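A structural walkthrough
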Amino acid sequence: MMGIYRALDFLEEVGAIHRIQLLGSFVVCRQWGRDHTPIMLICTACENVEEFVSDATIATLDDDVRAVRFQRRRATIELRGLCAACH
Ligand SMILES: [Zn+2]
Ligand SMILES: [Zn+2]
């Protein structure tokens, strides 16, 4: 079992997968090879997860956290709501 968790940690570290804390699961990155901070759109009805990228939002966030002298390394933003099929 330990081997599986190490493999998942490795894949997350290199950005091939993203961990979804809310669901305790992982999704395969759709933007593989591109430097990005994923925003996960999580449907609370069907548990569908869409990876969403908003570089402008992340740039603003980074400016704000730098102002409090925090050095961000990684982030996954999780938004809960209803997907297009569920509303
Ligand atoms: Zn991604
Ligand atoms: Zn849904």
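Each remark here, short or long, concerns the structure printed above.
Residues numbered from 1 in each chain as written. Chains lettered and ligands numbered in written order. Predicted model: local features only at pLDDT ≥ 70, side-chain atom pairs only at ≥ 80, totals over all residues. Heavy atoms only, no water.

What follows concerns the nonpolar core. Within the largest apolar cluster, 5 residues are counted, these being Ile20, Val27, Met40, Ile42 and Val49. Contact partners of Met40, with chain neighbours within four places excluded, come to His18, Ile20, Val27, Val49, Glu50, Glu51, Thr76, Ile77, Glu78 and Leu79. (Core = buried A, V, L, I, M, F, W, Y, C linked by side-chain atoms within 4.5 Å. Buried < 20%, exposed > 50% of the residue type's maximum accessible area, 1.4 Å probe, protein only. Contact = heavy atoms within 4.5 Å.)

Turning next to the coordination of the zinc ion (ligand 1). Protein coordination at the zinc ion (ligand 1) comes from His18 (NE2), Cys29 (SG), His36 (NE2) and Glu51 (OE), with a distance range of 1.9 to 2.3 Å. Given 4 donor atoms and angles of 94 to 129° at the metal, the environment of the zinc ion (ligand 1) is assigned as tetrahedral. On the primary sequence, the residues serving as donors to the zinc ion (ligand 1) are separated as H-x10-C-x6-H-x14-E. By relative accessible area, Cys29 is classed as buried at 7%. Classification of His36 as buried rests on a relative accessible area of 15%. (Donors = N, O, S within 2.8 Å, 3.2 Å for Na, K, Ca; no water. Tetrahedral: all angles 85-135°; square planar, octahedral: opposite > 155°, others 65-115°.)

Bringing the environment of Leu82 into the picture now. Inspection of the secondary structure assignment puts Leu82 in the segment after strand E5 (77–81). Note on Leu82: relative accessible area 47%, which makes it partly exposed. The contact partners of Leu82, leaving out residues within four places of it in the chain, are Cys43, Thr44, Ala45 and His87. (Helix = DSSP H or I, 4+ residues; strand = E, 2+ residues; numbered from the N terminus.)

Within the element layout of this structure, His18 appears in strand E1 (residues 17–20). His18 gets classed as buried once you look at its relative accessible area, which sits at 7%. Leave out the neighbours within four places in its chain, and His18 touches Ser25, Phe26, Val27, Cys29, His36, Pro38, Met40 and Glu51.

In terms of residue burial, strand E3 (residues 39–43) counts as a mostly covered element, since 4 of its 5 residues are buried. Strand direction decides the pairing type here: E3 and strand E4 (residues 49–52), joined by 4 bridges, are antiparallel. By the bridge assignment for E4, Ile42 is matched with Val49. Pairing geometry for E3 and E5, over 5 bridges, is parallel. In the sheet register, Met40 faces E5, and the bridge partner there is Glu78. (Pairing = 2+ DSSP bridges.)

Of the protein atoms, only Cys43 (SG), Cys46 (SG), Cys83 (SG) and Cys86 (SG) coordinate the zinc ion (ligand 2), at distances of 2.3 Å. Here the zinc ion (ligand 2) binds 4 donor atoms, and the angle range of 106 to 114° at the metal identifies the geometry as tetrahedral. In primary-sequence terms, the residues that donate to the zinc ion (ligand 2) follow C-x2-C-x36-C-x2-C. Residue Cys43 is classed as buried on the basis of its relative accessible area, which comes to 2%.

Keep in mind these values describe shape, not function.
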